[in-house]
Amino acid sequence: MDTTNQTDLAALLRGLPSVDQLARDESLADLPARVVVREARRVLEGLRDAARRQAASGGSAAPSFARPALLARLREAVQSSLARRHRRVINATGIVLHTGLGRAPLAAAARAAIQEAAGYAVVEVDPRDGARNQRESAVAALLVELSSAPAALVVNNNAAAVNLVLRALAEGREVVVSRGELVEIGGGFRMPDVMAEAGCRMVEVGTTNRTHLRDYERVLRAETAMLLKVHPSNFRVLGFHAVPSLAELVALGRARGVPTFDDLGSGLLVADVPAALSEEPSVRESLAAGASLVSFSGDKLLGGPQCGIVLGERALVERVRAHPLYRAFRCDKLALAALEATLAIYRDGDPLAEIPTLRAIARGAAELTAIATRLHDRLGIAGSRVCASESFVGSGANPARALPSSALVLPGGARTAERLRCGGEPPVCARVADDGVWLDARTLADEDLDEVARSIARALA
Ligand SMILES: *Cc1c(COP(=O)(O)O)cnc(C)c1O
């Protein structure tokens with residue numbers, strides 16, 4: 001490194017403001033001071049490193065240390081750090097179970113239960129005699145009561161539930177599955193990989209569009225541990241298509257002494273199924289068809305916290321629970337508390353009114369139009385209009401069928417949507433189409449409309 005560069009570097013570094021000088025700038029007074037100081041330190045360190053690297057490589061073009069540029073960079077760093085926080089957002093996408101937005105919003109009772117369980121809580125102890133008990137015995141009892149399944153088990157999510165069931169009951173042995181059900185759920189959950197990871201040998205039968213009972217029958221042998229049925233969740237095969245019913249698979253399995261495991265995915269447990277979900281297989285149907293085990297997510301159609309639920313024959317459920325990995329997959333107390341409160345609504349309350357997911361799915365045309373119209377009138381944005389819209393259940397339930405809805409359509413495009421996300425407090429997530437930014441009423445709760453209107457007005461001000 002030559003001496004000119006060394007001198008340049010020293011001068012450059014001396015020219016940088018201190019963390020304090022930068023962070024105290026009046027123009028940043030609207031941002032939280034702690035975050036400004038933390039990010040100022042990071043920005044200045046980054047600049048020093050860049051200058052040193054440049055000097056070392058013999059380059060002479062110095063990075064810009066002009067104060068306005070520094071302040072702009074710092075403001076952006078603070079905003080980006082704030083934006084990444086886990087916090088409330090307004091879901092105006094019309095996708096009820098939006099994985100990016102945390103899937104199921106919890107019922108009021110479940111939120112309260114989380115709040116209460118956040119301190120010390122009854123988790124693995126029976127308060128009557130102080131004896132240690134099963135962590136999920138209360139929710140398991142509720143699940144058994146609601147589903148009429150003989151036994152229940154709860155883990156962290158359905159991916160864990162499927163993995164644990166396969167490991168506990170089929171490791172080192174064969175699992176038979178239709179080629180039409182070798183699905184990828186998303187986020188790397190691909191059925192063939194899941195089975196390989198669980199140490200099972202996958203035996204594929206049938207074709208992509210058609211699988212017959214005789215295809216299963218042909219491959220059954222002593223090494224067969226299980227017949228697996230997977231809900232195709234996020235796609236539909238239309239046209240020339242056939243799969244044996246779950247009841248037929250169960251009958252075949254029983255005749256040959258092989259259990260049938262139904263990975264339902266969604267977990268529709270409500271007795272009074274909204275019309276929009278009439279094609280979705282329910283937990284009850286699966287158990288009634290005789291599945292030995294059924295698994296599903298807690299945060300899809302059930303409308304509860306993230307967890308994976310396994311229902312079915314007691315001996316099988318106990319073998320799954322006894323597997324060493326159960327300990328790694330177990331639920332935390334907050335999820336258990338929220339699940340218990342959610343299930344209590346199914347038992348004692350009115351799920352279609354109290355579970356936000358089900359309420360959103362069950363909303364009718366008149367209510368949706370009223371919500372979109374109220375928002376339209378409230379905001380009074382020039383060029384905005386109320387339009388018929390298409391909303392979706394999301395997270396793999398009913399993928400092919402749009403639910404008719406209503407939307408407030410704002411003039412603008414991706415830039416306007418970005419302003420709603422970045423400037424809204426809370427951020428507003430909307431859908432961008434060719435003709436504007438769509439705020440779908442299906443996922444906007446009526447009681448939240450004041451806040452939604454305030455947030456949009458602020459973002460677009
Ligand atoms: C969603 C889904 C899963 C994964 O469930 P998570 O709770 O997201 O882990 C597994 N199988 C099916 C069929 C699904 O739809």
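Only a predicted model underlies this, so the values are computations on that prediction, with no experimental measurement involved.

Rules of the game
Residues numbered from 1 in each chain as written. Predicted model: local features only at pLDDT ≥ 70, side-chain atom pairs only at ≥ 80, totals over all residues. Heavy atoms only, no water. Domains from an automatic or database assignment. Buried < 20%, exposed > 50% of the residue type's maximum accessible area, 1.4 Å probe, protein only. Helix = DSSP H or I, 4+ residues; strand = E, 2+ residues; numbered from the N terminus. Pairing = 2+ DSSP bridges. Axes fitted to C-alpha atoms, helices over the stretch in contact; angles between N-to-C directions. Parallel < 35°, antiparallel > 145°, perpendicular 65-115°, else oblique. Left-handed = near helix turned anticlockwise from the far one by under 90°. Contact = heavy atoms within 4.5 Å. Nonpolar A, V, L, I, M, F, W, Y, C, P; charged D, E, K, R; others polar. Near = heavy atom within 4 Å. Polar contact = N/O pair within 3.5 Å; in protein donor to acceptor, adjacent residues only side chain to side chain. Areas by Shrake-Rupley, 256 points an atom, 1.4 Å probe, with all protein chains shown as cover.

A. Quick peek at the domain arrangement of the protein chain. Partitioning the protein chain into domains gives domain 1 (3-82), domain 2 (90-100 + 358-460) and domain 3 (108-352). Each of domain 1 and domain 3 has a C-alpha centre, and the two are 53 Å apart.

B. Just the pairing of strand β10 (residues 403-410), in detail. β10 sits mainly inside the fold: 7 of its 8 residues count as buried. As paired strands, β10 and strand β13 (residues 436-440) are joined by 4 bridges and run antiparallel to one another. In the sheet register, Leu 410 faces β13, and the bridge partner there is Val 437.

C. Geometry of the packing of helix α17 (residues 365-379) against helix α19 (residues 449-460). Two elements in contact, α17 and α19, have axes separated by 10 Å at closest approach and are oriented at 45°. Between α17 and α19, the crossing angle belongs to the class labelled oblique. The two elements α17 and α19 cross, and the hand of that crossing is right-handed. Only Leu 449, Asp 450, Val 452, Ala 453, Ile 456 and Ala 457 of α19 make contact with α17, whose side of the interface consists of Ile 371, Arg 374, Leu 375, Arg 378 and Leu 379. In terms of residue class, the contact of α17 with α19 is built from 8 nonpolar, no polar and 3 charged.

D. The site of the ligand, seen in detail. Around the ligand, the surrounding shell consists of Arg 103, Asn 157, Asn 158, Ala 159, Ile 185, Phe 189, His 231, Ser 233, Asp 263, Gly 265, Ser 297 and Lys 300. Within the backbone of Ala 159, a nitrogen or oxygen atom sits 2.8 Å from an oxygen atom of the ligand. Lys 300 is positioned with one of its side-chain polar atoms (N or O) 2.8 Å from an oxygen atom of the ligand. Protein chains bury 93% of the 380 Å² of accessible surface belonging to the ligand in isolation. Elements supplying a minimum of two residues to the shell around the ligand: α7 (158-170) and β6 (260-265). Partitioned by chemical class, the residues of the shell around the ligand number 3 nonpolar, 6 polar and 3 charged.

E. Region of the structure containing the sheet that holds strand β5 (residues 224-230). What the 7 strands build is an open sheet, ordered β2-β8-β7-β6-β5-β3-β4; its pairing is mixed. Edge positions in the sheet fall to β2 (151-155) and β4 (201-205), since each of these pairs with one other strand and no more. Looking at each pair of strands side by side, their axes are set apart by 25° on average, direction ignored. Across 5 bridges, strand β7 (residues 293-297) lies against strand β8 (residues 308-312) in antiparallel orientation. Across the sheet, residue Phe 296 finds its bridge partner in β8, namely Ile 309. Sheet contacts for helix α6 (residues 137-147): β2 and β8; angle to β2, the most-contacted strand, approximately 130°.

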